[in-house]
Amino acid sequence: MTLLTILFDGVAYGMLLFVLACGLAVTLGLMNFVNLAHGAFAMAGGYICAILVNRSGLPFFAALPIAFVASAAIGALLERSLYRHLYTRSHLDQVLFTIGLVFMSVTAVDYFMGSSQTFIHLPDYLQGQINLFGLGVGRYRLMIIVICGLLTVALQMILSRTRFGSRLRAAVDDPRAASGLGINVPQVFALTFAFGCGLAGLGGALGAEILGLDPYFPLKFMIYFLIVVTVGGSSSITGPFLASLLLGIGDVAGKYYVPKLGAFVIYTMMIVILIWRPNGLFGRSAAR
Amino acid sequence: MLRNFISATVAAVGVLSVGAIAQAQETVKIGLIVPMTGGQASTGQQINNAIKLYMQKNGDTVAGKKIEVILKDDAALPDNTKRIAQELIVNEKVNIIAGFGVTPAALAAAPLATQAKVPEIVMAAGTSIITERSPYIVRTSFTLAQSSTIIGDWAAKNGIKKVATLTSDYAPGNDALAAFKEHFVAGGGEVVEEVKVPLANPDFAPFLQRMKDSKPDAVFVFVPAGQGGNFMKQYAERGLDKSGIKVIGPGDVMDDDLLNNMGDAALGAVTAHLYSAAHPSAMNKDFVASYKKAYNTRPGFMAVGGWDGIHLVYEALKKTGGKADGDSLIAAMKGMKWESPRGPISIDPETRDIVQNIYIRKVEKVDGELYNIEFATFEAVKDPGKTKK
Amino acid sequence: MTANSTTHPEVGQFAMARAQWRWPEVVFWLAAAGCILLFPNRYLILTEIAWLALFALSLDLILGYAGIVSLGHAAFFGFGGYAAGLLALHGIVTEPVIALVVAGLAAMVLGFVTSFLVMRGSDLTRLMVTLGIALLLRELANRFSNITGGSDGLQGIEMQPILGQFSFDIFGKVGFIYCLCVLFVLFLLARRIVHSPFGLSLRAIRNNPLRASAIGIPVNRRLIAIYTIAAFYAGVAGALSTQTTALASLDGFAFDRSADLMLVLIIGGTGYLYGGLIGAVIFKLLQELFSTLTPQYWQFWIGAVLVVIVLIGRDRMHRWAMFLPRLIASKFGRAKAPVMAPEGEAP
């Protein structure tokens, strides 16, 4: 029974990590852009959701899509105005630039929202546990699994089945040839980038309950996002997805069974995996 | 360049003979070193807010001296703290250094306080040993052992037999745990499960599951300020509240600046602490009201630490008649007693540590807001970390 | 300069010419020494700049010259810091200079051992493996709090006088001169290393590892060597920080420290040794300026500066910064242009 509970918690945690990090996997893996400010979009989503729910009294489920759309809009705006100029620049420039953005976002949020933790008021039906076949299951975590599961399937479908998906893959594989074929590459990139930011925003809103939400969110979780992307290999969606699940379950199980080594688990797993498979578990080739 | 050189020489002489020069000064400078950025930022901001509020209310002149507070951010990094303190003492010639969000920061500045004979007023950091590190350190916050031992005694006497502990894996967490365990076990209780969680811990789920599986009467919790809310939410999510497992601990977890946002999950948690925003005194009501008006949030215990710290400086200056050298100030501060928003407190003349009432409180809903309601008082508690010796 | 178009003496001359001291370098070091007299009440921040510069120099050795990216360089910094702290605390080696070398060597051993882990994989992999190592060390230091003091850090370190002669003073003058001397000596060493055949071979590896191994350079061995040397430098930087502040804390290992270091080096520019030094000066001064102006929101302005730097472009900024020196140089004839410009980008 305990094993199942641990598994369940691990899956929920992993799913959350995936939604938060998959935007980064796309920008890093597909567009070859190091966006360390990814967490800032997650934070934006979280705070937008918190403001809508706590101050305007909007229902939680209405606020989630708004958090997604708003973060995506912020992402699109920044992509058009700033990021666009940096696609061709060196990775070091990109690091400098995006860290700068992180610092600015952290301080801006501190200024407007204060530095203490923010919580989103959840509706009663999302709190507590329900009993599924004798197994105590957290309602909120169950909801995370359902939402994130659906999202993953949808993402996979978009990438592999839709016209947009094939355009994106074409644009990534060979931007010049793709634009020669009449694909508007900058537009495809902008849409993808915005979509990734939207997902992060959604993840931030969903994760506030479990990971906490304060102005330092982007810095605190940057490491986790990078771990997911590197371990998963950044050339596809499935890689980071499986990596998130693996890390989520590993982390939760490690902390449950050997709490003394709690902090070591995730880092050790990462190092071991990366030494074993330097390009990530499911990487096709080098990440750059 | 020559002038620079001369002023440096003057500065050198100034620091070496602080007493002589300070008397001639018309301003008393306080170097306030707190974390204003980073994970501990809310500590520094509360302290800074409280000090500004105090100075608004009481004016910035005392005993003929103008008080000047120089705010510096150390981001809770001890090497920063030390450099800033050193620069403030050497260049700004501050009369007092104050603040110190975390124990390592307070310890880092201790040798400087001794060397330069500058009083160091600790307004937040809570490890027992701090005041022993320099004869110039005075504390207006609390020590972890104060509240942890009291809650241990209380739990043992109030029908709690088995306790599981969940503490953050760093020095203050270990101190709180040790203090609690000693008193709880001595009172006949039993610790059935002991879990230390990593400091940077995104998810409490696995640890809480362990708590639940060990079926204790109560969970003793100490996590750094800020993580308390997450803990409580996940505690309720896992249904620990429904299975009758109580939350007890030092009051850091139920810090007033977060409490109201935690939701009903926090209801019924019993903690021992020095301050509650619901403390029923006229002074506190006034303090809370004006703090809320100025900053739009409730003051937490960190704010009270800052408030009392600056009050101590004002009173000490009054007593010395404006003499601002380290030895006179420290002498004036020793044994000082006053009424704080948290209740009656005093500075122990021997250890220079704070002596205060510790209240046992339970989270209840008052007018739709969550408050720690005090229901039992342990009066004039000294730091158990020192009385033991 | 491929082998068939250039004869050997010419390669040698070219390398020698590059290795010669130029007047801007002399000016730089004279200015650094001048700080001792110019800013007598800013020794403490100058000291921090000095060890940060050494730390950045260390990262430049692997990033700028060998192309190894690292987000966990703080591992060696923290390790060196704790080593120096423990040596002084337990009275094992009390003379600071010797303790400094010992601490550096300790970090060097760690660097050698971990170097095998960073040889494989892409940049991103290296980034994360180095980061992971630093974070693991931090957790270890926290776990073994009976040795390291845990999150309280090592307290109560008392430093003995340097060489038995100069004791650390409260103004930090001795500390600063000490750091500056160490920085200068290690800089000379680094300069010698990067202009040696060994250093040239590193650049060949950075530019094209495949071709480098094809012309007979033992790629992995060279990379391990430079990584180990860089670990020594970082360890010494950490030890300097511990010795001048009499503190060693878990923050030595922190991610922020590695990340800030990366920023410092990128601001200054990689691959010409002075990048880390100049970056350290700029970064610390900006930090000091903004945090004095607004203690709570200084990070915003740092972030804004970083963003602006990238948007304007670092090359352009270097050109602007070099405008005056260039002008002077052209007035006084001798050299065409100073070589203080970054030499290409590491990946």
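Everything quoted here is computed from the prediction, not taken from an experiment.

This paragraph deals with the overall build of chain B. The helix and strand inventory of chain B stands at 14 helices and 15 strands. In terms of overall size, chain B behaves like a compact globule, its C-alpha atoms giving a radius of gyration of 21 Å where 389 residues would be expected to give roughly 21 Å. The dimensions of chain B, computed from C-alpha atoms along their principal axes, are 75 × 40 × 35 Å. Counting all 389 residues of chain B, 63% fall into the buried class. Contacts in chain B between residues far apart in sequence, at least 24 positions, make up 70% of those at least 6 positions apart.

Secondary structure assignment for chain A yields eleven helices and two strands. What you see in chain A, going N to C, is helices and strands ordered as α-α-α-α-β-β-α-α-α-α-α-α-α. Taking 288 residues into account, the globule formula puts the C-alpha radius of gyration at 19 Å, and chain A, at 19 Å, falls close to it. For chain A, the C-alpha atoms occupy an extent of roughly 60 × 45 × 35 Å along the three principal directions. The buried share of chain A, taken over its 288 residues, is 57%. Put simply, of all contacts in chain A between residues at least 6 apart along the chain, 77% involve residues at least 24 apart.

What follows concerns the environment of A294 of chain B. Residues and elements named next belong to chain B. By the element assignment, A294 lies in helix α11 (residues 282-295). A294 gets classed as partly exposed once you count the C-beta atoms within 10 Å, which come to 14. A sequence separation of 32 residues divides A294 from G326, and the C-alpha atoms of the two residues are 33 Å apart.

A few words on the nonpolar core. Inside soluble globular proteins, nonpolar side chains tend to come together where they are buried. L16 of chain A together with L54 and A107 of chain C are the most contacted members of the largest nonpolar core, which totals 331 residues. Sort the elements by how many residues they give to this core and helix α1 (residues 2-30) of chain A lands first, with 18 residues. If near-sequence neighbours (up to four positions away) are discounted, L16 of chain A is found in contact with I144, C148, G203, L206, G207 and I210 of chain A.

Turning next to the interface of chain A and chain C. Opposite the 35 residues of chain A that make contact, chain C presents 33 residues. Elements with a contribution of two residues or more to the side of chain A that touches chain C: α4 (91-113), α9 (217-232) and α11 (264-276) of chain A. With 16 residues, the single largest contributor to the side of chain A that touches chain C is α4 of chain A. Here the residues of the side of chain A that touches chain C sort into 26 nonpolar, seven polar and two charged.

At the junction of the two partners, chain A supplies 31 residues and chain B supplies 31 residues. Elements with a contribution of two residues or more to the side of chain A that touches chain B: α1, β2 (135-138), α8 (185-211) and α10 (238-257) of chain A. Among the elements that make up the side of chain A that touches chain B, the one with the highest residue count is α1 of chain A (five residues). Residue classes in the side of chain A that touches chain B are distributed as eleven nonpolar, 14 polar and six charged.

Residue and element names in this part refer to chain B. Its domain assignment divides chain B into domain 1 (2-142 + 282-352) and domain 2 (145-273 + 358-387). Computed over C-alpha atoms only, the centres of domain 1 and domain 2 are separated by 30 Å. If you look at the interface, domain 1 gives 15 residues, while domain 2 gives 18 residues. The dominant element in the side of domain 1 that touches domain 2, judged by the number of residues it contributes, is helix α3 (residues 41-58), at three residues. Each residue belonging to the side of domain 1 that touches domain 2 can be placed in one class, and the counts come to three nonpolar, ten polar and two charged.

Residues and elements named next belong to chain C. Counting through the fold element by element, G81 comes out in helix α4 (residues 74-89). Spatially, the C-alpha atoms of G81 and G238 are 4.3 Å apart, while their sequence positions differ by 157 residues. Leave out the neighbours within four places in its chain, and G81 touches G238, A239, S241, T242, A248 and G252.

This part covers the packing of helix α9 (residues 197-207) of chain C against helix α11 (residues 219-245) of chain C. If you want to describe how two helices pack, look at the angle between their axes and the distance between the axes. Residue and element names in this part refer to chain C. Between α9 and α11, the least distance of the axes is 10 Å, while the angle of their chain directions is 115 degrees. In terms of their interaxial angle, α9 and α11 are classed as roughly perpendicular. In this structure, the crossing between α9 and α11 has a hand that is left-handed. The segment α9 lies against α11, with S201, L202 and I205 engaging V219, R222, L223 and I226. Class assignment of the residues belonging to the contact of α9 with α11 gives a composition of five nonpolar, one polar and one charged.

The next thing to look at is the environment of E92 of chain B. Residue and element names in this part refer to chain B. Take E92: it is sitting in helix α4 (residues 78-92). Between the C-alpha atoms of E92 and I30, which are 62 residues apart in sequence, the distance is 9.6 Å. When residues no more than four places from it in sequence are discounted, the contact partners of E92 are K29, G31 and I70.

In this section: the pairing of strand β1 (residues 129-132) of chain A. For β1 of chain A and β2 of chain A, the ladder comprises four bridges, and the chain directions are antiparallel. For I130 of chain A, the partnering residue across the bridge sits in β2 of chain A and is V137 of chain A.

All names here are of chain B. Taken in spatial order, the six strands of this open sheet run β2-β3-β1-β4-β5-β6, and their pairing is mixed. In this open sheet, the two edge strands, each paired with only one partner strand, are β2 (61-62) and β6 (137-139). Summarising the sheet, strand β1 (residues 27-34) and strand β4 (residues 96-99) pair through four bridges and their orientation is parallel. Across the sheet, the residue bridging to G31 is I97, located in β4.

Procedures and definitions
Residues numbered from 1 in each chain as written. Chains lettered and ligands numbered in written order. Predicted model: local features only at pLDDT ≥ 70, side-chain atom pairs only at ≥ 80, totals over all residues. Helix = DSSP H or I, 4+ residues; strand = E, 2+ residues; numbered from the N terminus. Rg over C-alpha atoms; globule rule 2.2 N^0.38 Å. Buried ≥ 20, exposed ≤ 12 C-beta atoms within 10 Å, placed from the backbone. Contact = placed C-beta atoms within 7 Å. Core = buried A, V, L, I, M, F, W, Y, C linked by C-beta atoms within 7 Å. Nonpolar A, V, L, I, M, F, W, Y, C, P; charged D, E, K, R; others polar. Domains from an automatic or database assignment. Axes fitted to C-alpha atoms, helices over the stretch in contact; angles between N-to-C directions. Parallel < 35°, antiparallel > 145°, perpendicular 65-115°, else oblique. Left-handed = near helix turned anticlockwise from the far one by under 90°. Pairing = 2+ DSSP bridges.

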